[in-house]
Amino acid sequence: MLKEISVSSSQRIEMIDITDKVIEVVRASKINSGICVVFARHTTAAITINENADPSVVYDIENKLAKLVQHRDNYHHSEGNSDAHIKSSLVGASETIIIENGKLLLGTWQGVFFCEFDGPRRRSVLVKIIGD
Ligand code: ZN
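Anyway, here's the lowdown on the structure attached to this text. Residue positions are counted from 1 within each chain, in the order its sequence is given. Local features in this predicted model are restricted to residues of pLDDT 70 or higher, and side-chain atom pairs are both shown and tallied only at a pLDDT of 80 or more, whereas totals for entire chains, interfaces and linings draw on every residue. With hydrogens and water set aside, each side-chain value is computed from the structure's full complement of heavy atoms.

### Describing the overall build of the protein
Formally: Strands are runs of DSSP state E lasting at least 2 residues, helices are runs of H or I lasting at least 4, and numbering of each runs from the N terminus. The globule rule used here is 2.2 Å times the number of residues to the 0.38 power, and the radius of gyration it is set against is calculated over C-alpha atoms. Note on exposure labels: buried denotes an accessible area under 20% of the residue type's maximum, exposed denotes more than 50%, and partly exposed covers the range between, all computed with a 1.4 Å probe on protein chains only.
Across its full length, the protein holds 3 helices and 8 strands. Mapped from its N terminus to its C terminus, the protein presents α and β elements in the order β-β-α-β-β-α-α-β-β-β-β. Over its C-alpha atoms the protein spans a radius of gyration of 15 Å, differing by no more than 12% from the 14 Å that the globule rule assigns to 132 residues. With respect to the three principal axes, the spread of C-alpha positions in the protein is 50 × 30 × 20 Å. Expressed as a percentage of the 132 residues in the protein, the buried residues total 42%.

### Concerning the coordination of the zinc ion
Test applied: The donor definition counts N, O and S atoms within 2.8 Å of each metal and applies 3.2 Å to Na, K and Ca; water is not among these atoms, so some sites may look incomplete. Under this scheme a four-donor centre is tetrahedral when all angles range from 85 to 135 degrees, a four-donor centre is square planar and a six-donor centre octahedral when opposite donors are above 155 degrees with the rest from 65 to 115, and any other centre is irregular.
Bound to the zinc ion are the protein donor atoms H77 (NE2), E79 (OE), N81 (OD1) and H85 (NE2), situated 1.8 to 2.3 Å from the metal. One can describe the donor arrangement at the zinc ion as irregular, given that its 4 donor atoms subtend angles of 91 to 151° at the metal.

### Digging into the side chain of T44
Stated precisely, the cut-off is as follows: Nitrogen and oxygen atoms within 3.5 Å of one another constitute a polar contact, given that in protein one can donate a hydrogen and the other can accept it, and given that sequence-neighbouring residues count only through two side-chain atoms.
Checked against the element boundaries, T44 lands in the loop between β3 (34-40) and β4 (45-51). Of the polar contacts made by the side chain of T44, one reaches the side chain of R123; its length is 2.7 Å.

### Things to note about the nonpolar core
Within soluble globular proteins, side chains that are nonpolar tend to cluster in buried spots. To keep it simple, the criterion reads: Nonpolar cores were defined as sets of buried Ala, Val, Leu, Ile, Met, Phe, Trp, Tyr and Cys residues, with membership established by side-chain atoms within 4.5 Å. Contacts were defined at the residue level, with two residues in contact if any of their heavy atoms lie within 4.5 Å.
Among the nonpolar cores identified, the biggest contains 23 residues, and I18, V22, C36, V38 and V112 are the most heavily contacted of them. Looking at this core, the elements that each hand over two or more residues are β1 (2-8), α1 (19-29), β3, β4, β5 (94-100), β7 (110-116) and β8 (122-131). In contact with V38, other than residues within four places in its own chain, are I18, V22, I47, A93, S94, E95, I97, V112, V125 and L126. Of all hydrophobic cores here, the second largest spans 9 residues; its members include M15, A46, A84 and C115.

### Side note on the sheet that holds strand β2 (residues 14-17)
Applicable threshold: Any two strands are treated as partners once DSSP identifies two or more bridges connecting them. What counts as an axis is a line fitted to C-alpha atoms, over the stretch in contact for a helix, and the angles between N-to-C directions run from 0 to 180 degrees.
On the basis of which strands lie adjacent, the open sheet formed by 3 strands has the order β2-β7-β4 and antiparallel pairing. Each edge of the open sheet carries a strand with a single partner, namely β2 and β4. Across the sheet, the mean angle separating the axes of adjacent strands is 35° when strand polarity is ignored. Pairing of β2 with β7 involves 4 bridges; the strand directions are antiparallel. Residue pairing across strands places M15 opposite C115, the latter belonging to β7. This element, helix α3 (residues 82-91), spans β4 and β7 of the sheet and lies at about 50° to β4.

Have a look at this one:
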């Protein structure tokens, strides 16, 4: 089963919790055991799994990435968004999560985040569910 999720950001750099949307796709698939792949189809965005209980974790990740890869830094790419391309590659385009008993086996504090690095934009995330 393949499903597309729409995500809208309001900041240039923003991590958006899409855990509930992914859980809904898994529920609708009725697949009891298998894997779920969450994939961002963009060169300046990414998918990551991290803590969604304390919002300061996301704040710290966003801030540290902004400091590690600065927006302006004599890049060659003429579009002016090289930092976003680099952050996208550092974080990665996808995550894979195990499904068991019809549920994502995320840890207690883990959530799935869509990471925007060149927003605000409207984006698309693909969720592929494969049963055993
Ligand atoms: Zn670019």
